Each structure stands twice: as C-alpha cells, then as structure tokens.
Amino acid sequence: MKPTIAPYPHTRLRRTRATPALRRLVRQAHLSVDDLIWPVFVMDGTDAEEPIASMPGVFRRTVDRVAVAAKEAQALGIPAICIFPYTSMDARTEDCALAWSPDNVANRAIRAIKDAAPDIAVMTDIALDPYNINGHDGFVENGEIVNDRTVDALVRMALAQADAGADILGPSDMMDGRIGAMRTALEENGHQKVTILSYTAKYASAFYGPFRDAVGASAALTGDKKTYQMDPLNSDEALRLVERDLSEGADMVMVKPGMPYLDICRRVKDTFGVPTFAYQVSGEYAMLQAAAQNGWLDHDAVMMESLGGFKRAGCDGILTYFAPAAARVLNET
Ligand code: PBG
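Because the structure is predicted, anything quoted here is derived from the model rather than measured. (Residues numbered from 1 in each chain as written. Predicted model: local features only at pLDDT ≥ 70, side-chain atom pairs only at ≥ 80, totals over all residues. Heavy atoms only, no water.)

## Considering the overall build of the protein
A tally of helices and strands in the protein yields eleven helices and twelve strands. For the protein, the C-alpha radius of gyration of 21 Å lies close to 20 Å, the compact-globule estimate for 333 residues. In terms of its C-alpha atoms, the protein occupies a principal-axis envelope of roughly 70 × 45 × 40 Å. Per-residue burial over the protein gives 53% buried out of 333 residues. Pairs at least 24 apart in sequence give 74% of the contacts found in the protein among residues at least 6 apart. For the protein, the exposed surface amounts to about 15300 Å²; the carbon and sulfur share of it is 52%. (Helix = DSSP H or I, 4+ residues; strand = E, 2+ residues; numbered from the N terminus. Rg over C-alpha atoms; globule rule 2.2 N^0.38 Å. Buried < 20%, exposed > 50% of the residue type's maximum accessible area, 1.4 Å probe, protein only. Contact = heavy atoms within 4.5 Å. Areas by Shrake-Rupley, 256 points an atom, 1.4 Å probe, with all protein chains shown as cover.)

Put into structure tokens, the structure is as follows:
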C-alpha cells in the first residue's frame, strides 16, 4: 500500500533534515571502512616507490613497500587489497608466460601481504595485459583477440595466484567461459575456498587511461578493447553477463567503471541480490584529484560523496584508490 502524504503544511519534508541528529536517523545508505578494497600497484626492486603522474597520490611500490602499505591498510581497518603488477617492457612476450610464473611480482606480493598483514584479504587481477607485448587482455592471433586459448592461460594464472595465497581472484579479461573454467580448476586443485569476484560488466571505457599509464600498458596497447569489453551504451547485456557468471560459479560480481555506471549497479543488485561491487577506476580518481588540486572541488567532500553514491546505488563495496584516505575520514567520525 502506498503511504498517503498529507498536503503542505502538514507535510514539510524539511523537518527531518533540520538537525544532524534527525538527518542521521533517516539516512538510508551508509559507507563504512568494511566496504573498501584498495587497488595497489607493485613493481620489481626493493625499498622504492614511484609516483604515477596521472594519479596524484598513487604510487607503484616494490614488494617490500607493498607489505608496509598492507600493514597500514590493516591498521586502518580496510578489509582487502587488490594487486596490479607493473612489468617492464622487456619482460612482456607474445606467449605471456610470466603471467603464471609463481615468482612474478604479483605472486610475490600476494605472499608478502599474507605474511605482513594476515587479516587483509588479497585480491588479484586476472588478464594477460601486464605481460602481453601488445597490451591486450588476451592472446592476439592475426589481429584478433582469441578467446579459448586465452581462457586456458587465464586458468593457469588463476591457479598460480591461488597457490600464492590469494583470497579473491579478479578476472578482468572479459573472455567467455573463463569463470567456469577457473572454478573447475580451483575445485580440482584443492582451492575450494578461493573466491571469484568477476569483473562481470566491464565496459570499454576511456576512464582506464591513467591505470594504463600506471601499469605501463598505454604505450603497449595496439587498437582498442571493444571486441571483449562492453559497449558503454548497453545495459541489458550487463544482466546477461551477471547471470552467466553466477551460473559458472562467480561468488561476487563487479561493475566497472563506477560513477558513470551507477544505473547498472542498481539493476544488478535489484535483479540478482548478490554481492555487487563497483570499481571507481583510475580516470574517476584522476578527475576528482585534479579538480581538488586546483582548488575547484573539496577533496574529502567529493571523495565521500562519490563513495556514498555507490552505496546508495546498491553496491556492497567499492574498489577505490581513495581507500586509505576514505578510511581515515571514516575512522575520525
Ligand atoms: C586490465 C585492467 C584494467 C583495469 C583493471 N584491470 C585496464 C583495462 O582493461 O584496460 C582498469 C582499472 C582502472 O582504470 O583503475 N585488465
């Protein structure tokens, strides 16, 4: 039954906005530190970090420094870190063999975080792009990004990450059939407890630009990713992808990018009611940071408002480069 609303002045909608206490009482969405996953970039070497020009405040860190960052995250109460590797140009090959090496920088980082900060869940990225000579998430044959051969490689990558101790695997490649293939391999290899947070509705977005700088893929990438990532103007297709990934054994799903796709977050949550995450990607971070640095926007205010928007749109959590800064704000209040 629809509630009837008394006409003005009996109803004054400003009444419940009048004081902080009343606003808190009627507030619907809540952001907490528990909602944050912090993406970090890891590189070879020791005791060093490099700033990323297009992402002010974000660094590539060596494995030992990532372990230190993980301890800080743990102290802030952040539940999970997501690792992205930076590999030098000469380590990239056509066969991408480094992707499933147990000793690649990402797998070393997983082990280092597990040692340093055992309470932190470690999430990974599964795609060939950091290891691929041409910057694509899959193998390229005669100019085409091939699906099935790529899935076999992604499964090897997933197993190497699970062996290294990853808690959450994040396939970001958008190949067909990868979730089922990974789930089968995990079950068969004693990794029943490893979860999959599928990059399910990942759009072919221009907002990934700064990330590709961070992992050194901008220079490498030939062409675009439109034959595997989604068309930004589609929405029903996202629901088909979620249904498909859940049927193959995904535990959690993601919408990416975040802010321009809040309608997708809401549809996914309403339709399936499963753990739903959004990725506030590098370009979203960069534009807010740039405006804040110019004094055009209030940094903390827009950070918190943008993250709150994800909660309002139905997300259970957010991957965001703001995670430590947001955690600090949340821990103060
Ligand atoms: C690569 C990957 C990308 C991001 C996460 N994993 C870039 C891409 O698909 O080109 C983007 C993250 C960001 O922009 O913050 N598979």
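That shown, we press on.
## Comments concerning the pairing of strand β4 (residues 80–85)
Most of β4 sits out of view: six of its six residues are buried. The alternating pattern of β4 places Ala-80, Cys-82 and Phe-84 and Ile-81, Ile-83 and Pro-85 on opposite faces, both of which are buried. Bridge count between strand β1 (residues 36–43) and β4: six bridges; the pairing is parallel. Bridge pairing links Ile-37 to Ala-80 in β4. As paired strands, β4 and strand β5 (residues 121–123) are joined by three bridges and run parallel to one another. Counterpart to Ile-81 in the pairing with β5 is Val-122. Taken together, β4, helix α3 (residues 105–116) and β5 constitute a β-α-β crossover, and its handedness is right-handed. (Pairing = 2+ DSSP bridges. Right-handed = clockwise from strand over helix to strand, strands pointing away.)

## Details of the packing of helix α4 (residues 148–164) against helix α5 (residues 178–188)
In contact at an axis separation of 9 Å, α4 and α5 are set at 45° when each is read in the N-to-C sense. Here α4 lies oblique to α5, going by the angle between them. In the crossing of α4 with α5, the sense of the turn from one axis to the other is right-handed. Only Arg-178, Ala-181, Met-182, Ala-185 and Leu-186 of α5 make contact with α4, whose side of the interface consists of Val-151, Leu-154, Val-155, Ala-158, Leu-159 and Ala-162. (Axes fitted to C-alpha atoms, helices over the stretch in contact; angles between N-to-C directions. Parallel < 35°, antiparallel > 145°, perpendicular 65-115°, else oblique. Left-handed = near helix turned anticlockwise from the far one by under 90°.)

## A look at the site of the ligand
Around the ligand lies a shell of 18 residues, among which Lys-202, Arg-212, Lys-256, Ser-282 and Tyr-321 are the nearest. Within the side chain of Arg-212, an N or O atom sits 2.6 Å from an oxygen atom of the ligand. For the ligand, a nitrogen atom lies 3.4 Å from a polar atom in the side chain of Lys-256. Taken by itself the ligand offers 400 Å² of open surface, and the protein chains cover 100% of this. Residues that form the shell around the ligand fall into these classes: eight nonpolar, three polar and seven charged. (Near = heavy atom within 4 Å. Polar contact = N/O pair within 3.5 Å; in protein donor to acceptor, adjacent residues only side chain to side chain. Nonpolar A, V, L, I, M, F, W, Y, C, P; charged D, E, K, R; others polar.)

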